[in-house]
Amino acid sequence: MVTSFKKYQEEYQKSIITPIDFWDHQAQHFVWRRKWDKVLNYDFHKPEVQWFIGGKLNITENCIDRHLPSRAHQTAILWESNDPAEPSRRITYQELAKEVNRVANMLKAHGVFKGDRVCIYMPMVPETAFAILACARIGAVHSVVFAGFSAGSLADRINDCGCKVVLTADGAFRGDKKIELKSIVDEALKNCPSVKTCVVLNRTKLNVTMRAGRDFWWHDQIKTASDFCVAEEMDSEDLLFILYTSGSTGKPKGMVHTCGGYMVYTNYTFKNVFQYKEGQTFWCTADVGWITGHSYILYGPLSAGATTLMFEGVPSWPDMGRFWHVVEKHKVNIFYTAPTAIRSLEKAPLSFVEKYDLSSLQVLGSVGEPINEEAWHWYDKNIGKGKCPIVDTWWQTETGGIMISPLAGITKTKPAFATLPLPGVQPAIMDESGRELTGNLCEGRLAIKFPWPSMARTIYGDHQRFKDTYFSTFPGRYFTGDGCKRDEDGYYRITGRVDDIIIVSGHNLGTAEIESAIDEHSAVCESAVVGFPHDVKGQGVYAFVVTYDPVHEEGHLRNEIKDVVSKIIGPIAKPDKIQFVSGLPKTRSGKIMRRILRKIAEGDVSNLGDTTTLLDPAVVDEIKRGAM
Ligand code: PRX
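Residues numbered from 1 in each chain as written. Predicted model: local features only at pLDDT ≥ 70, side-chain atom pairs only at ≥ 80, totals over all residues. Heavy atoms only, no water.

### Describing the overall build of the protein chain
Here is step 1 of the chain: Helix and strand counts for the protein chain stand at 20 helices and 31 strands.
Here is step 2 of the chain: Here the C-alpha radius of gyration of the protein chain, 24 Å, is about what a compact globule of 628 residues would show, namely 25 Å.
Here is step 3 of the chain: Seen along its three principal axes, the alpha-carbon backbone of the protein chain occupies a region of about 75 × 60 × 55 Å.
Here is step 4 of the chain: Within the span of the protein chain, comprising 628 residues, buried residues form 60% of the whole.
Here is step 5 of the chain: Considering only contacts in the protein chain between residues 6 or more positions apart, those separated by 24 or more positions represent 71%.
Here is step 6 of the chain: Split by element, the accessible area of the protein chain, about 23700 Å² in all, is 50% carbon and sulfur.
Here is step 7 of the chain: Taking the 73 positively charged and 75 negatively charged side chains of the protein chain as two groups, their mean positions are separated by 3 Å. (Helix = DSSP H or I, 4+ residues; strand = E, 2+ residues; numbered from the N terminus. Rg over C-alpha atoms; globule rule 2.2 N^0.38 Å. Buried < 20%, exposed > 50% of the residue type's maximum accessible area, 1.4 Å probe, protein only. Contact = heavy atoms within 4.5 Å. Areas by Shrake-Rupley, 256 points an atom, 1.4 Å probe, with all protein chains shown as cover. Lys, Arg positive; Asp, Glu negative; His and termini not counted. Charge placed at Lys NZ, Arg CZ, Asp CG, Glu CD.)

### Some remarks on the site of the ligand
Here is step 1 of the chain: Taken together, 18 residues form the shell around the ligand, and within it Asp392, Thr393, Thr397, Asp482 and Arg497 come nearest.
Here is step 2 of the chain: At 3.4 Å, a backbone N or O of proline 370 approaches a nitrogen atom of the ligand.
Here is step 3 of the chain: One of the side-chain nitrogen or oxygen atoms of threonine 397 is found 2.6 Å away from an oxygen atom of the ligand.
Here is step 4 of the chain: Against a free-state accessible area of 540 Å², the protein chains account for coverage of 96% of the ligand. (Near = heavy atom within 4 Å. Polar contact = N/O pair within 3.5 Å; in protein donor to acceptor, adjacent residues only side chain to side chain.)

### Things to note about the state of the cysteines
Here is step 1 of the chain: Scanning all chains against the criterion turns up 0 disulfides.
Here is step 2 of the chain: Cysteine 163 provides the cysteine sulfur closest to cysteine 119, a residue in no disulfide bond, and the two sulfurs are 5.0 Å apart.
Here is step 3 of the chain: According to the relative accessible area criterion, cysteine 119 is buried, its value standing at 0%.
Here is step 4 of the chain: Its sulfur unpaired, cysteine 135 is 9.3 Å from the next cysteine sulfur, which belongs to cysteine 163.
Here is step 5 of the chain: Residue cysteine 135 is classed as buried on the basis of its relative accessible area, which comes to 0%. (Disulfide = S-S within 2.5 Å.)

### Here's the deal with the domain arrangement of the protein chain
For an interface, size is often stated in terms of accessible area lost upon the parts coming together.
Here is step 1 of the chain: Domain boundaries assigned for the protein chain yield domain 1 (93-232) and domain 2 (501-626).
Here is step 2 of the chain: Relative to domain 2, the C-alpha centre of domain 1 lies at a distance of 36 Å.
Here is step 3 of the chain: Contacts between domain 1 and domain 2 engage 6 residues on the former and 7 residues on the latter.
Here is step 4 of the chain: Run the count over domain 1 and domain 2 and you get 0 salt bridges. (Domains from an automatic or database assignment. Salt bridge = Lys/Arg side-chain N within 4 Å of Asp/Glu carboxyl O.)

### Quick look at the nonpolar core
Here is step 1 of the chain: In this structure, Leu96, Leu167, Trp218 and Phe274 are the most contacted members of the largest nonpolar core, which totals 164 residues.
Here is step 2 of the chain: When residues of this core are sorted by domain, at least three fall in each of domain 1 (93-232) and domain 2 (501-626).
Here is step 3 of the chain: Setting aside chain neighbours within four positions, we find leucine 167 in contact with Met106, Leu107, Val118, Cys119, Ile120, Tyr121, Met122, Ala131, Val199 and Trp218.
Here is step 4 of the chain: Ranked by size, the runner-up nonpolar core spans 26 residues in total, among them Val326, Val332, Ala341 and Trp378. (Core = buried A, V, L, I, M, F, W, Y, C linked by side-chain atoms within 4.5 Å.)

### Some points on the packing of helix H2 (residues 19-27) against helix H10 (residues 259-273)
Here is step 1 of the chain: Taken N-terminus to C-terminus, the directions of H2 and H10 make an angle of 85°; their axes are 10 Å apart at the nearest point. Here H2 is positioned roughly perpendicular relative to H10, judged by the angle of their axes. On H10, the residues touching Phe22, Trp23, Gln26 and Ala27 of H2 are Val264, Tyr265 and Tyr268.
Here is step 2 of the chain: Grouping the constituent residues of the contact of H2 with H10 by class yields 6 nonpolar, 1 polar and no charged. (Axes fitted to C-alpha atoms, helices over the stretch in contact; angles between N-to-C directions. Parallel < 35°, antiparallel > 145°, perpendicular 65-115°, else oblique. Nonpolar A, V, L, I, M, F, W, Y, C, P; charged D, E, K, R; others polar.)

### Points about the pattern of salt bridges
Here is step 1 of the chain: Here the structure, examined in full by the defined rule, presents 44 salt bridges.
Here is step 2 of the chain: Note that aspartate 621 is salt-bridged to lysine 624, the shortest N-O span being 3.8 Å. You can see aspartate 621 and its partner lysine 624 sitting in helix H20 (residues 618-626), 3 residues apart, about one turn around the helix.
Here is step 3 of the chain: One connected set of salt bridges, linked through shared partners, spans Lys182, Asp186, Arg214 and Asp215.

### Considering the pairing of strand E25 (residues 478-486)
Here is step 1 of the chain: A large share of E25 lies buried, amounting to 8 of its 9 residues.
Here is step 2 of the chain: Relative to E25, strand E23 (residues 442-448) runs antiparallel, the two being bridged by 6 bridges. Across the sheet, the residue bridging to glutamate 443 is lysine 485, located in E25.
Here is step 3 of the chain: Summarising the sheet, E25 and strand E26 (residues 492-497) pair through 5 bridges and their orientation is antiparallel. Bridging across to E26, lysine 485 finds its partner in arginine 493.
Here is step 4 of the chain: Hairpin geometry of E25 and E26 is characterised by an intervening segment of 5 residues between the two adjacent antiparallel strands and by a positive phi of about 80° at glycine 490. (Pairing = 2+ DSSP bridges.)

Structure representation (structure tokens):
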């Protein structure tokens, strides 16, 4: 483990000069059924990347079994309910082993074997963690879909990778709401021919319809399942999971992650970034439906033998002090959340924080979007009491693990800077013409020059799209889609997406996907969606909508459009602002000039740049006048 800044510098140098030796050494700390023959094969032009070639392992033996001799009775998963009155659950490593094996055997009984895809559409309960690890145990590929997505989005994801089984629950608690998960699954499964089985956990006691022959209750199935299951032997490069992320065009991309490299890298980054120490309680507030949950609620902490807290609820219920209540109750030592949560909690009276004893906290983290300086200072002062280092961690679904980040207490931090690359990570800032910018002070697009073990290997079923999206902008390099500045100290500051993805409350949304949902409304002729600065969500969704006929009741139509988007994608994608316009600014070749719409949405209409190439420049004045 890196324990000083000097060591970080040495380790970084080593990892760049001799990356093979560096990762060979890191990978020794795990249980392998067979050691790898070669550390790395790669060609960023194809692109092709393989790590720990020929190595055989099972990630659950590393996350569970190997801990049993020393920490069978230590809590592995500490679960906190949505409802503060419901008792917490502590699942020891021993219990985790049994529960995972039971679910693994339940899956096997339904004909799930190595390589089969299993969709997990579940609430934040321990059974979801068991399900994910159970898939890994038997070599099935999990595809977790965030339980806030609509039936249509769920069906698209199930069909894209041909899932055989869906694991779900009757419903999910979210603050004072109950989400009817099973009925969303029922709707989705009308269009999912590959799904033969659906297993339903009883969480909310909602009335659900069970289809004979397809639907089974979890508690019935688990009763007869043995708690012993031999872990499947996996190749380093066998698929571990698929996780969908929005694209700037077209449907979501099923990012493929494989076993060996992902395990090594999530473990390394968990321990080093958070400077995890034996016995600490770690809480990552993400949902397991996102990569942050995969890597830093489950695989990273469990492979390190940590106690990981899993929280079912939301920060605002029963009141804005809930996070801080949980920190006090469970004496959380490391707390990792998203800027959007910090900003919303910052708006609540400070009494919600001051009521609780936060003295257990030692390290704070941030992830998912740029953290503004104000939120950073609020977090530092009021939550960390000026004594907890903040790690602003930059990474992506595609990168599998944290890439640019301070090491807690080791790297000197600067508000809003992700600071320095982790060992093994070779960033490059590129200009528009594809040249690498050298020297410290510069700004451009962020690319990565050399492979790291947890990088996505492909987009499921569409390798060409993988190449086009990530390896074609700067041939021979991985393009992140993010803008980035480097300051006089060589520190990196991520400035945001440079493509048509917007990050709303930490969730990636493709503008094209929202537009096609809006266009489904029968009154809508066409639409264009851009992001705009939002003081809590980071960015909000701004839709410019052209209707076939003049709009009489704008408020009514706005609500209908929001409902359509919510139904097609999910509530997270609902536009915050909808402006009805008679036309969109287009070039003579028919391309929408998003640059202009972005400026208008940002409220910056003074300098819209050159509009002379537009087909109808008058439309811009009309849009400016009606801007919201
Ligand atoms: O734009 C960057 C932003 O989130 C994107 C990745 O989103 P996703 O795949 O959903 O993964 C989020 C959790 C890892 C990035 O391309 N992003 C993530 N972390 C940061 C960030 N932007 C600025 N600072 C960060 N710390």
